[in-house]
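In case you want the letters, here they are:
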Amino acid sequence: MKAIVDCNSFYASCEQVFRPDWKGKPIVVLSNNDGCIIARNDEAKRLGIVMGGPFFKAKDEIKAKNITVCSSNYALYGDLSRRVMETLLYFNPEIEVYSVDEAFLDLQSIPTNCLKNYATTVKDTVFQWTGIPVSIGIAATKTLAKVANRICKKQKAKHNGVFILSDVDEINEALDNTAIEDIWGVGRNNSKKLRFWGIDTALKLSKKDTAWAKKHLGGVVGVRLINELNGIPCIELGEGLEIKKMIASTRSFGKPVTTLSDLKEAIATYTARAAEKLRLQESAAGAIQVFFRSDKFDYAIPYHKNTQFSILSSATANTNELILEAQKLTEKGFQSGVAYKKAGVCLFMLVPENAIQKNLFDTVEANPQVVKLNKTMDMLNRKLGRDTVKFASVGLTQDWKTRCEERSPEYTTKWKDLPRIGKRAK
DNA sequence: TCTGGGGTCCTAGGACCC
DNA sequence: TCTGGGGTCCTAGGACCC
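These lines cover the structure that appears in this document, whether it is placed above or below. These numbers come from a predicted model, not from an experiment.

A closer look at the protein's contact with DNA strand C
Surveying the vicinity of DNA strand C reveals 13 residues, the closest of which are Glu 102, Gly 185, Gly 187, Asn 189 and Asn 190. Restricting the count to atoms of DNA strand C within 4 Å of the protein gives a sugar and phosphate share of 100%. Between Lys 146 and DNA strand C, the recorded distance is 3.0 Å, taken from a side-chain N or O atom to a phosphate oxygen. A distance of 2.7 Å separates a phosphate oxygen of DNA strand C from a polar backbone atom of Gly 185. Put simply, the parts of the chain that give the surface near DNA strand C at least two residues each are strand E5 (95-99) and helix H9 (188-196). Class assignment of the residues belonging to the surface near DNA strand C gives a composition of four nonpolar, five polar and four charged.

Structure (structure tokens):
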């Protein structure tokens, strides 16, 4: 059996950990730039706040209903996520961290009659150690575990955080109660197709044969999906730390950017961030891409976007080199007169940093001091806070910076934000 | 005023190899 | 009349996930 452990309303729960006075009150969390609503706790869900909608459209309603609004605070969520995962690791070395708020657990070594107790202990311990409530779904395949998890969250009182799907009748009932678009692996496009063919529940889909799936549901992907629904595992647990194959850093601007110097500053900032992530997984990038675009929702002005790509003469993880290349590309693609709304940097062709293929025609020897410089910068920024040391090209004022008007303190990752007991810090 | 930011995997088809 | 059989690698684009 496999389990999926999923944090309940993760971002909203993180915000509540350090604000006991928010207990029982509705909360929503916004995306970057305070753009969309990306998390709501149960109380906010009950008040009818929808997921993913643009914030400015729901603003009045949210105010009227007295719902607390948080800008996203990824430093906080990242740190609490790490604590949750470490707690899971304490129980089970066979864990696949699937996303910031989810992990799969391999339960092969747990006897069937102990599963319920085991999962309940895991759930309670995570809550006790981190303050984050989780739901656990258990079944023979990842896809069925996901089904169990959904039901577990939907019927909180009935399942109390743990739901095991093992009995055939129970599985069928669960599948019958799962709408086609709620299946893990069925997205917007396929659910539309399936509904058109009259397949509207997971149970109906599970009855289709694999040849049909191969033809109509994206080849092997469809075959796997049907097998998984029938309890035949086709998606194995991932191994520990997966090395990323691409790394990106992209952001919307708080206000439109119109000058080349501002755009270059933003691109340098995103490049520095991406390079940090690159070094964290001990890789180097062989290629870099930058892009920038105008507001895609503003139909009054013509939409403008530009993407520039370059393969480096040899792979590097050096921020300085990457920024220089990114800025060259920015100069190439920039158009004056355009109001840019969003920009980003992607790094591709990632290789391990200790296996960089040198270019035959490189005239400059790699300087070991530069590697040390980058590592030292990372260390300082990790220890003393992000951007303690940075490249001048990222700018000092950063007028274009993302909006986040309701950001909570970084309770667990910044000394000055450490919560105080007794008197609330001003 | 105002609409997020990351990622992965798979397929089809073309170019090329022997 | 008639034109093989097997491969690999790469890219663009689609679909999906959180």
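Now, onward.
Re the nonpolar core
Of all hydrophobic cores here, the largest spans 35 residues; its most connected members are Phe 10, Leu 88, Leu 105, Leu 107, Ile 136 and Ile 138. Of all elements in the fold, only strand E1 (2-7), helix H1 (10-17), strand E2 (27-30), helix H4 (74-91), strand E6 (102-106), helix H5 (115-130), strand E7 (134-139) and strand E8 (162-164) reach the threshold of two or more residues within this core. For this core, the element with the highest residue contribution is H4, accounting for six residues. The two domains that each donate at least three residues to this core are domain 1 (10-76) and domain 2 (77-229). Sequence-distant contacts of Leu 88, defined by excluding residues within four places in its chain, comprise Val 5, Ile 95, Ala 103, Leu 105, Val 122 and Val 126.

Side note on the sheet that holds E8
Strand pairing in a sheet is mediated by backbone hydrogen bonds. Such pairs are either parallel or antiparallel. Here we have five strands laid out as an open sheet, ordered E5-E6-E1-E7-E8, and mixed in their pairing. With one partner strand each, in any of the chains shown, E5 and E8 form the two edges of the open sheet. Ignoring strand direction, the axes of neighbouring strands in this sheet form an average angle of 20 degrees. Taken together, the six bridges between E1 and E7 define a ladder with antiparallel strand orientation. Residue Lys 2 lies in a different strand from E7, and its bridge partner there is Ala 139.

Things to note about the protein's contact with DNA strand B
Taken together, the neighbourhood of DNA strand B is formed by 24 residues, with Lys 245, Ala 248, Thr 250, Ser 252 and Lys 341 sitting nearest. For DNA strand B, the fraction of protein-proximal atoms (within 4 Å) that sit in sugar or phosphate groups is 78%. Between Ala 248 and DNA strand B, the recorded distance is 2.6 Å, taken from a backbone N or O atom to a phosphate oxygen. With six residues, the top contributor of residues to the surface near DNA strand B is strand E9 (residues 247-257).

A closer look at a nonpolar patch on the surface
Residues Phe 309, Ile 311 and Met 349 make up a contiguous nonpolar surface patch of roughly 310 Å² in combined accessible area. By the element assignment, Met 349 lies in strand E12 (residues 340-352). Relative accessible area serves as the criterion here: at 45%, Met 349 is assigned to the partly exposed category.

Brief notes about the environment of Thr 259
On the secondary structure map, Thr 259 appears in the loop between E9 and helix H13 (260-280). Within the structure, Thr 259 has its side chain in polar contact with the backbone nitrogen of Asp 262 (distance 3.2 Å).

With respect to the pairing of E2
Alternating residues of E2 divide into Ile 27 and Val 29 and Val 28 and Leu 30, and every residue in both groups is buried. In terms of strand pairing, E2 meets strand E4 (residues 68-70) through three bridges, oriented parallel. The residue of E4 that forms the bridge with Val 29 is Cys 70. By the bridge criterion, three bridges tie E2 to strand E3 (residues 37-40) in an arrangement that is antiparallel. Note on E3: the bridge partner recorded for Val 28 is Arg 40. Between the end of E2 and the start of E3, which pair antiparallel, lie six residues, with Asn 33 showing a positive phi angle near 65 degrees.

About the criteria used
- Residues numbered from 1 in each chain as written.
- Chains lettered and ligands numbered in written order.
- Predicted model: local features only at pLDDT ≥ 70, side-chain atom pairs only at ≥ 80, totals over all residues.
- Heavy atoms only, no water.
- Near = heavy atom within 4 Å.
- Polar contact = N/O pair within 3.5 Å; in protein donor to acceptor, adjacent residues only side chain to side chain.
- Helix = DSSP H or I, 4+ residues; strand = E, 2+ residues; numbered from the N terminus.
- Nonpolar A, V, L, I, M, F, W, Y, C, P; charged D, E, K, R; others polar.
- Core = buried A, V, L, I, M, F, W, Y, C linked by side-chain atoms within 4.5 Å.
- Buried < 20%, exposed > 50% of the residue type's maximum accessible area, 1.4 Å probe, protein only.
- Domains from an automatic or database assignment.
- Contact = heavy atoms within 4.5 Å.
- Pairing = 2+ DSSP bridges.
- Axes fitted to C-alpha atoms, helices over the stretch in contact; angles between N-to-C directions.
- Patch = residues over 30% accessible without salt bridge, like charges linked within 9 Å, V, L, I, M, F, W, Y side chains within 5 Å.
- Areas by Shrake-Rupley, 256 points an atom, 1.4 Å probe, with all protein chains shown as cover.
- Salt bridge = Lys/Arg side-chain N within 4 Å of Asp/Glu carboxyl O.

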